[in-house]
Every structure is written in C-alpha cells, then in structure tokens.
Amino acid sequence: IRLEELLRSSLKNNEMNLVYQPKVSISNRAMNGAEALLRWNSRELGSISPSDFIPIAEETGFILELGDWVLQQALRDLSDFQKVLSSDFEMAVNLSASQFHDKKLVTRIEQIIQTSQINPSTVNLEITENMAMEESNKAIDIINHLKELGLSLSIDDFGTGYSSYNYLKQYKAKYLKIDKSFVDEIPEDKSSGLILKNIINLGHILNMEVIAEGVETEDQFHFLKSSNCDIIQGYYFSKPLSKEELIAYGRTD
Ligand code: G
Ligand code: G
Ligand code: MN
Ligand code: NA
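What counts as what
- Residues numbered from 1 in each chain as written.
- Chains lettered and ligands numbered in written order.
- Predicted model: local features only at pLDDT ≥ 70, side-chain atom pairs only at ≥ 80, totals over all residues.
- Helix = DSSP H or I, 4+ residues; strand = E, 2+ residues; numbered from the N terminus.
- Rg over C-alpha atoms; globule rule 2.2 N^0.38 Å.
- Buried ≥ 20, exposed ≤ 12 C-beta atoms within 10 Å, placed from the backbone.
- Contact = placed C-beta atoms within 7 Å.
- Near = placed C-beta within 6 Å.
- Nonpolar A, V, L, I, M, F, W, Y, C, P; charged D, E, K, R; others polar.

S.K.: Would you explain the overall build of the protein chain in this entry?
M.R.: A tally of regular secondary structure across the protein chain gives twelve helices and nine strands. Computed over its C-alpha atoms, the radius of gyration of the protein chain comes to 18 Å, within 12% of the 18 Å expected for a compact globule of 253 residues. Seen through its principal axes, the protein chain has C-alpha atoms that stretch 50 × 45 × 35 Å. For the protein chain, with 253 residues in total, the buried portion stands at 36%. In the protein chain, the proportion of contacts linking residues at least 24 apart, taken out of those at least 6 apart, comes to 66%.

So, in structure tokens, the structure goes:
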C-alpha cells in the first residue's frame, strides 16, 4: 500500500525521469536512434528499477497516467534530438500491456504526435513478444491502427516468450529485439550462438531489422557482426544517458 501511494505521487513530485540508450548500427557504428527508459528516483526510497515498479503501476492502473507522461516527455525530447542531431533520429518507447490494450491509446498518441510536431515515422513503439502474441486478434487490430498513424513497432524481449510465426509475419514490425539472455551467453555457449544466428535469419526473412540487447563485450560485438545482426544496444557502446549526454554522444559518435 505504501509503495503504491509513493508511486502515485511520483509524477507530481518530479521524481520520474527518462534516460536514453543509444541504438547503434553495426555496419558503421552510427547512432540512429535511442530507447527511452523510465527511472524513478523516490525521495523516500531512493532509486527503484522499472522492473519493480511497472508491475505495481499496472496493478493499480497508474500505468496509464505514467505511460502518457513517458510518451509526452520522450516525444518532446525527440523533437530536440532531431533539431541538433538528425531529422530522422528515431525514438523507441516501451508500452506496457494495459497501455497497449487501452482503448484511448491510438487517439492519445495521435494527439501527442500532433502537439510535438514529430514525423510519426520516427516514433517506434516497443511491445513484448508476449503482448504481441496474447489475444492476437485484438493485438493485430491495435497494431494496424498504430501503423495507420505512421508509427513503427518493435517486438521486444524476443526469444523469452512464445511466438506464432504466422502472427509475427502479419505484424510487419520494423525491429526484432533479441533478449539480452541470449547475448549474455555468447561466444562461450554454442547453442545460444546458434539460436542467435537463427533469430537473426528469421528476422531478416520476415523483413525486420534485428537488434541485439545487452551487448557488453568486443567478442559479443564481433560475433553479432559476423552473424549479420543490424543494430546493437548495450554497454559496449553506451549505457542509458541523460538528454544532455545523449546529445553529446550523438555529436561525437
Ligand atoms: O532500464 P531497465 O533495464 O532497468 O528496464 C527494466 C525493464 O523496465 C525493461 O524490461 C524495460 O523494458 C522496462 N521499462 C523501462 N522503461 C519503461 C517504460 O517507460 N514503460 C514500460 N512499460 N516499461 C519500461
Ligand atoms: O526490456 P528492455 O529491453 O526494454 O530493457 C532494457 C534494459 O536493459 C534497460 O533497463 C537497460 O538499462 C538494460 N541494459 C541495456 N544494455 C545493457 C547491457 O549492456 N548490460 C546490462 N546488464 N543491462 C543493459
Ligand atoms: Mn525495450
Ligand atoms: Na528487451
């Protein structure tokens, strides 16, 4: 109960902020976008991970207000990134399950995009593999509405859930994001390496660009490069950065 109350007052107390993790192209090491990641710095409890508070926000319904704030803040910052970095700089925003199924999501995103004057093709929404596969007929409706607005999609945490290749094909997501757990085990673990190579091929067969998450070492980078992975996210290039740090990173990358 206490945590719920603190969470509810986090926005008006200015305790939430976004950090941005660069997405870097393997071929030329250029940053072509970033993923917005939420951080809660509670006055009373210190910093708390989204893996701990997002589930509570989901249960209490606060996630809709919080998710709305994330979208507004991320797109406001995106407009600044595009002014100083590149007009086609992309922003990826994570959607929670209840946000994804909220009937007002599509009109709300349309409003935010209009207010921020962002080209919708530079906005990418990340949904997890399981969100995409549960209630798949509903999911395909929502996805089609979002794509009519001109947005693109990522299938996040891929490899940890259950996928129907038939749906994966219909969703026409722009990016397939391979979960960090596979990357953690290369190059030592042969079967993780083979699974990775096969996920990359699968993504390409379905016309998606493949992103590897949680890349930390030179060895992992070279393995992914030789396996034709497209984009890398991870400490090897950069941890999540503040807005100012991301701009500095983008100017010198
Ligand atoms: O940044 P970090 O590794 O601590 O994130 C932990 C988890 O929280 C990840 O699964 C990430 O997708 C999720 N997450 C981070 N920011 C957001 C957000 O703004 N909305 C939602 N729904 N999930 C987020
Ligand atoms: O589930 P999702 O992919 O949205 O979560 C991404 C999370 O992974 C973020 O919280 C981010 O901070 C974390 N992360 C990103 N790169 C690395 C990395 O190289 N190593 C580790 N340990 N965590 C990472
Ligand atoms: Mn994500
Ligand atoms: Na992920």
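S.K.: I tried to follow the site of ligand 1 on my own but got confused; where do I start?
M.R.: Lining the immediate surroundings of ligand 1 are Leu37, Leu38, Ser49, Pro50, Ser51, Ile54, Val70, Asn94, Leu95 and Ser96. When contributions to the shell around ligand 1 are tallied by element, the ones reaching two or more residues are strand 2 (31–42) and helix 2 (50–60). Along the lines of polarity and charge, the residues of the shell around ligand 1 split into six nonpolar, four polar and no charged.

S.K.: Help me understand the site of ligand 2, please; the structure alone is not making it clear to me.
M.R.: Close to ligand 2 lie 13 residues, the nearest being Gly214, Glu216, Gly234, Tyr235 and Pro240. The residue makeup of the shell around ligand 2, split by class, is four nonpolar, five polar and four charged.

S.K.: It is not clear to me how unusual backbone geometry should be interpreted in this structure. Could you clarify?
M.R.: A negative phi holds for most residues other than glycine; trans holds for most peptide bonds. Note that the residue after Ile186, namely Pro187, is joined by a cis bond; omega there is 0°. By the element assignment, Pro187 lies in the loop between helix 9 (180–184) and helix 10 (190–205). The backbone of Glu135 shows a phi angle near 45°, a positive value even though the residue is not glycine. Relative to the assigned elements, Glu135 resides in the loop between helix 6 (129–133) and helix 7 (136–148). Among the residues examined, Glu135 registers 12 C-beta atoms within 10 Å and is labelled exposed. The phi dihedral of Asn228 falls on the positive side, at around 70°, and the residue is not glycine. Turning to its location among the elements, Asn228 is positioned in the loop between helix 11 (218–226) and strand 9 (231–233). A tally of 14 C-beta atoms within 10 Å means that Asn228 is categorised as partly exposed.

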